[in-house]
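# Chains, contacts and geometry: an overview
Given next are the chains, with one letter for each unit.
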Amino acid sequence: MVAAPSTAVSSRETLFRLLASAVGEDRAAFALTTLSIDPVLRGTDERPSRAQVAMALNAALFLDLLERVPTAARYVAQIRAKGETIAFDHGALRTIDGATGDLPSGCEAFTRFLAPMGYEVGGLYPLPKLKMTGRALVHRDLPETVPQFFVSELHVNELPETTQAAAERVFAGSQDPIGAAEWSALQALDAQGDCSPEQAATIVAGALRAFGRQHPAPALADYEALLEHSKEAAWIATEGNAFNHATTRTDDVVQLAEDLREEGYPMKPSVEVSQNGRVRQTAILADKVERPFRLADGSEIMREVPGSFYEFITRDIDPATGMLDLTFDSGNATGIFAVTRQQ
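All of the points below concern the structure found in this document. (Residues numbered from 1 in each chain as written. Predicted model: local features only at pLDDT ≥ 70, side-chain atom pairs only at ≥ 80, totals over all residues. Heavy atoms only, no water.)

Read across the sheet, eight strands follow the order β2-β3-β4-β1-β5-β10-β7-β6 without closing on themselves; strand pairing throughout is mixed. The open sheet is flanked by β2 (119-127) and β6 (272-273), the only strands paired with a single partner. (Pairing = 2+ DSSP bridges. Helix = DSSP H or I, 4+ residues; strand = E, 2+ residues; numbered from the N terminus.)

Pasting the structure below:
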């Protein structure tokens, strides 16, 4: 289960120093007093472990989402005001299984650098209604307390030919944010399970760049072509590989959803329940953002589109293992994707 949280951080802690190198000391302190941190991840070792590198990346991504999603920031502020902390269950991102220029296609764009941090594929989840496949990446060392990644990829070849052409125009110009310095540091981490502070900082900074839009602003006509046949492809066209959502693990997601709805949060209408009944999820509807689009005459126009959102999950104990059920569910995932479809 989630470790008892600490309400203070020390500048001598390895995790704090690593996170501060990426986001600054004030934001690092905020993150590490907001999230429930496994005591194993604290300490003052000189060489950060792969689990600490993974946790630093997750904490930085959590901060980034709060900056982009006002409703998430509002919820987190309420939790902090109560003196409570957040069990960060997982973050999600969307990728393109198709032509992506210099960027590896689909989930490989992320598994290639998350694997050296200790992640492995823990489950494969077909999402046929969305023309997508999801993969749960779970941490080998601390599966319950280092957040998972849910990486989905959209299969462009399943879209109509005209939409495939639009997708190629949008995504084929993608750049690869991971360079030689990051790969050198990742190789050291992969070989030893830890690395120098400088290498760890290089890894986190490079990985953070990967969670963005790696292609130019889309043409409005191409965006609309994607939107007609895949709202998920259209979302990736504007948001890229940004954290689609971050997820709080809570004891009773049904009651929490009712409470948040009464407080005025724009909640998803229903709670998704897995086929085994042990995993229940819901979310706040995606916040709107303004994004640029290119017009035929070379000018740009701004347009309001769905951005990222915040999710909640309850995981019961799996009686077969006596551990938390860390699986996902294709039906749940398909239902959750709908919260970025509000136009």
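Mapped onto the elements of the fold, D325 is located in the loop between β12 (323-324) and α12 (330-337). One polar contact links D325 to R278, side chain to side chain, over a distance of 2.8 Å. (Polar contact = N/O pair within 3.5 Å; in protein donor to acceptor, adjacent residues only side chain to side chain.)

Once that is clear, we can look at unusual backbone geometry. One non-glycine residue with positive phi stands out, namely K131, at about 60°. Structurally, K131 is set in the loop between β2 and β3 (132-139).

As a packed pair, helix α3 (residues 50-68) and helix α8 (residues 197-210) sit with axes 10 Å apart at the nearest point and diverge in direction by 40°. In terms of orientation, α3 lies oblique with respect to α8. For the crossing formed where α3 meets α8, the hand is right-handed. Where α3 abuts α8, its residues V53, A56, L57, A60 and L61 lie against A200, I203, V204, A207 and L208. Residues that form the contact of α3 with α8 fall into these classes: ten nonpolar, no polar and no charged. (Axes fitted to C-alpha atoms, helices over the stretch in contact; angles between N-to-C directions. Parallel < 35°, antiparallel > 145°, perpendicular 65-115°, else oblique. Left-handed = near helix turned anticlockwise from the far one by under 90°. Contact = heavy atoms within 4.5 Å. Nonpolar A, V, L, I, M, F, W, Y, C, P; charged D, E, K, R; others polar.)

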